[in-house]
Amino acid sequence: MTGTTRSSHDLDPRRRRALVRSWRRGMREMDLVLGGFADAEIDRLSDEEVTELEAILDVPDANLFKWVTGEVAVPPEYDTPLWARITASRGR
């Protein structure tokens, strides 16, 4: 997979930006984790979950990668049900 497989035509501007940001991370591994999740879930996220996703997208890839691999514990403010869904989606 090289990028989004989902059309963004039905998304509001905020969700479109989050979808693009999820796929254009800079670290390919994080593109796949966050982009894959966004492709599958962006249209089903509540406004509060989109806010959480935007906060996650502001975290540097190197930190996110360490959280995903378990090298470093996820900080409590990011260890949310949404983060659990993102990491669970890796197997899709």
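Remember, it's a predicted structure, so these values are computed and weren't measured experimentally.

> Provide a residue-level description of the nonpolar core, including the pertinent values.
One finds Leu-53, Leu-64, Trp-83 and Ile-86 to be the most contacted residues of the largest nonpolar core, which totals 23 residues. Sorting the residues of this core by element identifies helix H1 (13–23), helix H2 (28–41), helix H3 (47–57), helix H4 (61–69) and helix H5 (81–88) as the ones contributing at least two each. Among the elements that line this core, the one with the most residues is H2, at five residues.

> Any details on the packing of H3 against H5? Residues and values, ideally.
It is at 10 Å that the axes of H3 and H5 come closest, and there the two elements cross at 65 degrees. Overall, the two elements H3 and H5 adopt an arrangement that is roughly perpendicular. Taken as a pair, H3 and H5 cross one another with a handedness that is right-handed. Taking contact as the criterion, the partners of Glu-49, Glu-52, Leu-53 and Ile-56 in H3 are, on H5, Leu-82, Trp-83, Arg-85 and Ile-86. Class assignment of the residues belonging to the contact of H3 with H5 gives a composition of five nonpolar, no polar and three charged.

> Give a detailed account of the environment of Trp-23, specifying residues and quantitative values.
Following the sequence through the fold, Trp-23 ends up in helix H1. Sequence-wise, Trp-23 and Ala-38 are 15 residues apart; in three dimensions their C-alpha atoms are separated by 8.4 Å. A polar side-chain atom of Trp-23 sits 3.2 Å from the main-chain carbonyl oxygen of Gly-35.

> Could you give an account of the pattern of salt bridges, naming the residues involved and the relevant values?
Taken as a whole and judged by the stated rule, the model has nine salt bridges. Across the pair Arg-28 and Asp-31 runs a salt bridge, and its minimum N-O distance is 3.3 Å. Within this pair, Arg-28 and its partner Asp-31 are both found in helix H2, separated by three residues, close to a single helical turn. The class for Arg-28 is partly exposed, based on a relative accessible area of 34%. Among the charged side chains, a salt-bridge network with shared partners connects Glu-41, Arg-44, Glu-49 and Arg-85.

> How would you sum up the packing of H2 against H5? Please name residues and give values.
At a minimum axis distance of 9 Å, the contact between H2 and H5 shows a crossing angle of 105 degrees. It follows from the interaxial angle that H2 and H5 lie roughly perpendicular. Across the interface between the two elements, Val-33, Leu-34, Phe-37 and Glu-41 of H2 pack against Leu-82, Arg-85 and Ile-86 of H5. Residue composition of the contact of H2 with H5, by class: five nonpolar, no polar and two charged.

Criteria and cut-off values
Residues numbered from 1 in each chain as written. Predicted model: local features only at pLDDT ≥ 70, side-chain atom pairs only at ≥ 80, totals over all residues. Heavy atoms only, no water. Core = buried A, V, L, I, M, F, W, Y, C linked by side-chain atoms within 4.5 Å. Buried < 20%, exposed > 50% of the residue type's maximum accessible area, 1.4 Å probe, protein only. Helix = DSSP H or I, 4+ residues; strand = E, 2+ residues; numbered from the N terminus. Axes fitted to C-alpha atoms, helices over the stretch in contact; angles between N-to-C directions. Parallel < 35°, antiparallel > 145°, perpendicular 65-115°, else oblique. Left-handed = near helix turned anticlockwise from the far one by under 90°. Contact = heavy atoms within 4.5 Å. Nonpolar A, V, L, I, M, F, W, Y, C, P; charged D, E, K, R; others polar. Polar contact = N/O pair within 3.5 Å; in protein donor to acceptor, adjacent residues only side chain to side chain. Salt bridge = Lys/Arg side-chain N within 4 Å of Asp/Glu carboxyl O.

Remember, this is a structural readout, not a statement about activity or role.
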